[in-house]
Amino acid sequence: MTDVQLTHIIGGQPVDGGNRFESRDPYRGDLVATAPTGSAENVAAAVRAARAAAPDVARMPAYERAAILKRAAALVVDRAAEIGEIMARETGKALVDAEGEVKRTTDTLGLSGEEAIRIEGSHVPLDGSAMGHGKMAFLMRFPVGVVGAITPFNAPVNLACHKLGPAIAAGNAVVIKPPQQCPLVVHRLVELLFDAGLPRQFIQLVHGDGATGQALVADTGVDMLTFTGSSRVGAEIRARAGLRPVTLELGGAGQTIVCDDADLEAIAPVLARNASRLAGQSCISVQTVFVPRALTPALGEMVAEHMKALRLGDPLSRDTDVGTLVDEAAAKRVESWVAEAEAGGATILAGGTRHGAAYEPTLLTDVTGDMKVVCDEVFGPVASLYAYDDLEEPIRAVTESRFGLQCGVYTDSTERALYLARNLRTGGVIINGTSTWRTDQLAYGGVKDSGLGREGPRYAIRDMTEERLVLFNL
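Read on for an overview of the structure. All values derive from a computational prediction rather than experimental measurement.

1. Some points on the sheet that holds strand 5 (residues 31-36)
Link 1 in the chain: Taken in spatial order, the three strands make up an open sheet running 1-5-4, and their pairing is mixed. Looking at the sheet topology across the chains shown, the edges are occupied by strand 1 (4-5) and strand 4 (20-24).
Link 2 in the chain: Here strand 1 pairs with strand 5 via two bridges, running parallel. When the bridges of strand 5 are listed, Q5 appears paired with T34.
Link 3 in the chain: Sheet strands in contact with helix 3 (residues 80-91) are strand 4 and strand 5, and its direction is about 85 degrees off that of strand 5.
Link 4 in the chain: The sheet contacts of helix 6 (residues 183-195) involve strand 1, strand 4 and strand 5, and relative to strand 5 the element is tilted by about 70 degrees.

Structure (structure tokens):
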């Protein structure tokens, strides 16, 4: 694959302009694509084009929007190998994981298509009061108009579909800014939607950097903002959005609580894999595992053995379990955090070595709550075993953490599972599973610094539509 020269797509037309930036294969260093950095003028033009298209999107019958999204879901399967290879080259994600993400996207688009024909309101009975008697009222849902979407590099295709699919299903025009690290793979996704029959004017695509995203957030022609990324940037977007609705899918600390009745042999390979898959670059990647102190040595030995068996290597090889991080700078940051933890008394049971942009699956023990590898988001293939003496300790740690995305729980006790579900302040509690679990039809999101709102087509559509009261004086 030779390097590709990308443009913006505004008003259905290719638009150049702005200093070009590169996406490079983090394993080989090869140039994959170049794209223009969108200026404030490019963003303004894209928003104007989206506003002009918004009435046409809203007027398109729901069954037609549904049919387009279902055709796109089928095209994703046909192009999984091509798109998966692009993703592996741009992000360093292992090819098997990249292709798996692309194939999974068929669910996201298909579910969005199904939900397009299920957007409904409700009848409000008014004869419960003298003032309402003799009147009839309905609550109806209408598209917000223009959705501004900013998407991340770690799952660039499926997470883009979690924004594009529901937005189109709801009848909105979209302006999307893809991640700077992998512009080509999202560009191909947008082209796929056009190939499925979506009018080209319905999606505006503007490549760029942080300033491009800031211009999109600042443009009041955007009616609703949806963002996946860091908690820091999410907080900035929330502050600048004003009264406009936002959905923010932000960071996490990947906590999992192992209770004293858990089957260690069964959970050890799951913990190892879910700490290392996608090179740990997932906001629900296993990061902090709370373990009863007496079980910590045994579980540590088992998880370390499974981590050491994972194959680190060329992302394009089907024998590779763990590819690179998105770039060498990210790997160096992870390396420094592990070194800092080790200097503070942590013990490395597996891994701990960087190879260019790759970092070995790493397991730590003897950690403390103030270490970055525990209290911040590592976003790398690093997990820590945190020993506890009383179950209230991990409950308190999870609930008091600034993050609250998902927490896994391993126990054979239904009573204990329900107790934890009630007392852990987090967006999701996964019983007998790790924090690393998401299926595309369910509500997904967090609390505290982990975000605001929920994704999943049905729930995203709720946020991408407005409720309107219609009252009949009869």
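From this point, the narrative continues.
2. Here's the deal with the sheet that holds strand 25 (residues 465-473)
Link 1 in the chain: With antiparallel pairing, three strands are arranged side by side in an open sheet as 6-7-25. If you trace the sheet from one side to the other, it starts and ends with strand 6 (122-124) and strand 25, each paired once. The mean angle between the axes of side-by-side strands here comes to 25 degrees, regardless of whether they run parallel or antiparallel.
Link 2 in the chain: Pairing between strand 6 and strand 7 (residues 135-143): three bridges, direction antiparallel. Bridge pairing in strand 7 places S122 opposite L139.

3. Comments concerning the layout of surface pockets
Link 1 in the chain: Quantified by volume, the second largest pocket comes out at close to 270 Å³.
Link 2 in the chain: Sorting elements by how many residues they give to the lining of the second largest pocket places helix 15 (residues 457-463) first, with four residues.
Link 3 in the chain: Along the lines of polarity and charge, the residues of the lining of the second largest pocket split into three nonpolar, one polar and six charged.

Rules behind the numbers
- Residues numbered from 1 in each chain as written.
- Predicted model: local features only at pLDDT ≥ 70, side-chain atom pairs only at ≥ 80, totals over all residues.
- Heavy atoms only, no water.
- Pairing = 2+ DSSP bridges.
- Helix = DSSP H or I, 4+ residues; strand = E, 2+ residues; numbered from the N terminus.
- Contact = heavy atoms within 4.5 Å.
- Axes fitted to C-alpha atoms, helices over the stretch in contact; angles between N-to-C directions.
- 1 Å grid on protein atoms, 1.4 Å probe; cavity = no way out; pocket = protein on both sides within 12 Å on 5 of 7 lines; lining within 4 Å.
- Points joined across faces, edges and corners; volume = space filled by probe spheres on them.
- Nonpolar A, V, L, I, M, F, W, Y, C, P; charged D, E, K, R; others polar.

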